[in-house]
Structure formats: structure tokens, C-alpha cells
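Structure at a glance
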Amino acid sequence: MAFIENRRRYRLMFSGGLLILGVLILITSMMGVADISVEEALRILGHKLPFVGSFVDVGDIDQKYINIVWKLRLPRIVLAGLVGTGLSVSGAAFQGMFKN
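Structural notes, computed from the coordinates. (Residues numbered from 1 in each chain as written. Predicted model: local features only at pLDDT ≥ 70, side-chain atom pairs only at ≥ 80, totals over all residues. Heavy atoms only, no water.)

Topic: the layout of surface pockets
Note the following rule: Every definition here rests on a 1 Å grid over the protein atoms only: cavities are sets of points where a 1.4 Å probe fits but cannot get out, pockets are open sets enclosed by protein on both sides within 12 Å along at least five of seven lines, and lining residues have some atom within 4 Å of a point. Grid points are joined across faces, edges and corners, and a volume is the space filled by probe spheres set on the points. The way it works is that DSSP assigns letters per residue, a run of H or I at least four long becomes a helix, a run of E at least two long becomes a strand, and they are numbered from the N terminus. Residue type decides the class: Asp, Glu, Lys and Arg count as charged, Ala, Val, Leu, Ile, Met, Phe, Trp, Tyr, Cys and Pro as nonpolar, and the leftover types, Gly among them, as polar.
There is about 200 Å³ of room inside the largest pocket. The wall of the largest pocket is formed by L21, L24, I25, T28, L74, I77, V78, G81 and L82. Among the elements that make up the lining of the largest pocket, the one with the highest residue count is helix α3 (residues 63-97) (five residues). Looking at side-chain class alone, the lining of the largest pocket contains seven nonpolar, two polar and no charged residues.

Section: a nonpolar patch on the surface
Going by this rule: Residues qualify for a patch when their relative accessible area is over 30% and they have no salt bridge, like charges being joined within 9 Å and the nonpolar side chains of Val, Leu, Ile, Met, Phe, Trp and Tyr within 5 Å. The accessible surface values rely on the Shrake-Rupley method and a 1.4 Å probe; as for residues, cover is taken only from the protein chains in view. By convention in these notes, a salt bridge is any Lys or Arg side-chain nitrogen within 4 Å of a carboxyl oxygen on Asp or Glu.
There is a patch of nonpolar side chains on the surface, built from L19, I20, V23, L24, I27 and M31 and spanning about 580 Å² of accessible area. Counting through the fold element by element, M31 comes out in the loop between α1 (2-30) and α2 (38-47).

Written out as C-alpha cells, the structure reads:
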């Protein structure tokens, strides 16, 4: 029974982490000099999602805001996530190597 409870807890923690990650991606895609609202950021990010993008209209959003999010901010967000992942993996490897 303890195995099932641990499994359920890990699933809950993983889904909570994904939810927090999604909120942080949305918030960081809005931050900057260009004034992009929450609704615009959601629509810009949702427009490229499979199965959802065809239902999202970005016709009234200025093209420069779309370019800012897709060509400047989103690559930086993804790169920051990859750097964080690499640091955590290397930290775990060092702890395993030094038996810390």
C-alpha cells in the first residue's frame, strides 16, 4: 500500500511542478520592455500548440509582439530550462560520485 501512496504523491508532485512551470513560462513571456498582457501572451503561446492553435486567433495582435515572444523570449526561457536541467543533473552526478 505504501508503494501506491508514494506513486500517487509523486504523480501529484509532478503534475504540480508542470503546472508551476507553465505559469512561470507564461509570466516570463510577458515580462520585458514591450507591454504584453496576459491574454495576448496566452494567445501567442497557444497559437502554436498542436490541436489548440487552429482555434486561437492572433489576427488582432501586433506582429512585433508575436516576434518578441517567439524569437526573443521563448528561446531564452527554453535555454534557461535546459541550463537548469544540466546543472541539476551534473549536481546529482557529483553527489553520487562523491557519495555525498
